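# Observations on the model geometry
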Amino acid sequence: MQFSNVNIIGKEGVKSIVVENGLIRTIVDQRLASAGQNAECIDLAGALAFPGLINSHDHLDFNLFARTGNRIYNSYVEWGADIQSRNKNSIDAVLNIPKQLRVEWGIYKNLVNGVTTVINHGEHLEIQNPLINVFQDCYSLHSVALEKAWRFKLNRPFARDQPFVIHVGEGTDASSYEEIDKLIRWNLFKRKMIAVHGVSMDSRQARAFEALIWCPDSNFFLLNSTSKLNELKKVTKILFGTDSTVSAGWNLWEHLRLARNTNMLSDQEIFNSVTSLPASVWGLQDRGALVEGKSADIVVAKRNDNSHLLDNFFQLNPEDILLVLNKGEIVLFDE
């Protein structure tokens, strides 16, 4: 299959992409492109193309919730206790929906946002033929305060060489800061750890983590604060996550614009946080870039104007997405 007349973020000029056997076979300048004898050719009329996005933090079975919170909180512990007492009926109503349906909805949420790989946090899910890649090759610990026996789980003997992913420092109070040091002290075998949120994290603590997953929409909704990324990015890798709709909006593009408005990461750093950088951290070397030989995880979207391609990227919304390929298969398309 050939996709012609497309503008690829990070590449100069109009390109043509040939996809074969689930991989990107060639990317050439449009003026040099010629359709293969048996290739189906789709003219994209100057649309924008970029790698399928990688969402580094979601709870796929928690995406039928409306945003749930009654005020600004000091920590995730305070938030959890409050909504369990004041919003229990609405929470139970969602949890009564079969889990399989809730997981499918979480996959759809990611797909319509242009995500082709999502890292699920929580218990391992059995998903039959998911439309996108659901990554679960990691150890999920909820948090220092709420994960039972987290010390043993983190230091379990004979653990596989997979990262431990944990909510940590999700708050603005002293206990949220102190739990980060407690986690670091108890990482006796120096396991690879990936932190989620890290709102109260400082640069000294950040050095102990392979990466920090930033979820700004969730942070501002619950805590009216977020990670000090302008400092933390100097000592650890920054990945991007949406979190679930229980604490964040469903539109990933609004999250990205919110992140941009903080001015703590450059446009390129934010773009990298949903493409090449998570591909490297999660060991997904075949994804995260539109490069010959990599998996054909490709998103094509409307180009709204003639400004810089990254400016166009940050203007997008789900309704602007024209085409999503996962491993070379079309999984979403505009009529």
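Before any of the text, the structure's been laid out above.
Everything numeric in this text was worked out from a predicted model, so none of it was measured.

## Side note on the overall build of the protein
Looking only at helices and strands, the protein has twelve helices and 15 strands in total. Against the 2.2 N^0.38 benchmark of 20 Å for 335 residues, the protein shows a C-alpha radius of gyration of 20 Å, consistent with a compact globule. By residue count, 52% of the 335 residues in the protein fall in the buried class. For the protein, the accessible area works out to roughly 15,100 Å², and carbon and sulfur atoms hold 50% of it. The centroid of the 34 positive side-chain charges in the protein is displaced by 7 Å from the centroid of its 39 negative side-chain charges.

## Structural notes on the sheet that holds strand S6 (residues 115-120)
Within the open sheet, the three strands sit side by side as S5-S6-S7. Their pairing is parallel. Of all the strands in the sheet, just strand S5 (53-58) and strand S7 (133-135) have a single pairing partner and so form its edges. Pairwise comparison of adjacent strand axes, ignoring direction, gives a mean angle of 25° for this sheet. Looking at chain direction, S5 and S6 are connected through four bridges and run parallel. For Ile54, the partnering residue across the bridge sits in S6 and is Thr117.

## With respect to empty space enclosed by the protein
Considering all chains together, one arrives at one cavity of 30 Å³ or more under this definition. Within this model, the largest cavity holds a volume of roughly 30 Å³. As for the largest cavity, its lining consists of Phe3, Ile17, Ile298, Val300, Leu323 and Leu325. Here the residues of the lining of the largest cavity sort into six nonpolar, no polar and no charged.

## A look at the layout of surface pockets
Considered as a void within the structure, the largest pocket measures approximately 690 Å³ in volume. Taken together, 30 residues line the largest pocket, and the ones lying closest to its centre are His59, Phe62, Trp79, His142 and His167. Of all elements in the fold, only helix H1 (76-86), helix H2 (88-95) and strand S8 (139-143) reach the threshold of two or more residues within the lining of the largest pocket. If one sorts the elements of the lining of the largest pocket by residue count, H1 sits on top with five residues. The class makeup of the residues in the lining of the largest pocket is twelve nonpolar, twelve polar and six charged.

## A closer look at the packing of helix H7 (residues 216-223) against helix H9 (residues 252-262)
When two helices pack together, their arrangement is captured by the angle between the axes and the distance separating the axes. Running from N to C, H7 and H9 point in directions that differ by 75°, and their axes come no closer than 8 Å. With respect to H9, the axis of H7 lies roughly perpendicular. Seen from H7, the contacting residues are Pro216, Asp217 and Phe220; seen from H9, they are His255, Leu258, Ala259 and Thr262.

## What about the packing of aromatic side chains?
Within a pair of aromatic rings, the relevant descriptors are the distance that separates the centres and the angle that separates the planes. Applying the stated rule across the entire model yields nine aromatic pairs. Taken together, a centroid distance of 5.1 Å and an interplanar angle of 90° make the contact between Phe50 and Phe313 edge-to-face. Separated by 263 residues along the polypeptide, Phe50 in strand S4 (residues 41-51) and Phe313 in helix H12 (residues 309-315) bring together distant segments of the chain. Residue Phe313 is classed as buried on the basis of its relative accessible area of 0%. Through a chain of ring-to-ring contacts, the aromatic side chains of Phe50, Trp253, Phe271, Phe313 and Phe314 assemble into a single cluster. The ring of Phe221 carries the charged tip of Arg67 above its face, separated from the ring centre by 5.0 Å.

## Comments concerning unusual backbone geometry
One non-glycine residue, Asn21, lies in the positive phi region at around 50°. On the basis of relative accessibility, which here comes to 74%, the residue Asn21 falls in the exposed class. Although it is not a glycine, Asn224 sits at a positive phi angle of roughly 55°. Note on placement: Asn224 falls in the loop between H7 and helix H8 (229-232).

Procedures and definitions
- Residues numbered from 1 in each chain as written.
- Predicted model: local features only at pLDDT ≥ 70, side-chain atom pairs only at ≥ 80, totals over all residues.
- Heavy atoms only, no water.
- Helix = DSSP H or I, 4+ residues; strand = E, 2+ residues; numbered from the N terminus.
- Rg over C-alpha atoms; globule rule 2.2 N^0.38 Å.
- Buried < 20%, exposed > 50% of the residue type's maximum accessible area, 1.4 Å probe, protein only.
- Areas by Shrake-Rupley, 256 points an atom, 1.4 Å probe, with all protein chains shown as cover.
- Lys, Arg positive; Asp, Glu negative; His and termini not counted.
- Charge placed at Lys NZ, Arg CZ, Asp CG, Glu CD.
- Pairing = 2+ DSSP bridges.
- Axes fitted to C-alpha atoms, helices over the stretch in contact; angles between N-to-C directions.
- 1 Å grid on protein atoms, 1.4 Å probe; cavity = no way out; pocket = protein on both sides within 12 Å on 5 of 7 lines; lining within 4 Å.
- Points joined across faces, edges and corners; volume = space filled by probe spheres on them.
- Nonpolar A, V, L, I, M, F, W, Y, C, P; charged D, E, K, R; others polar.
- Parallel < 35°, antiparallel > 145°, perpendicular 65-115°, else oblique.
- Contact = heavy atoms within 4.5 Å.
- Phe/Tyr/Trp six-rings, centres within 6.5 Å; stacked < 30°, edge-to-face > 60°.
- Lys NZ or Arg CZ within 6 Å of the ring centre and 35° of its normal.

The analysis is restricted to geometry; functional conclusions fall outside its scope.
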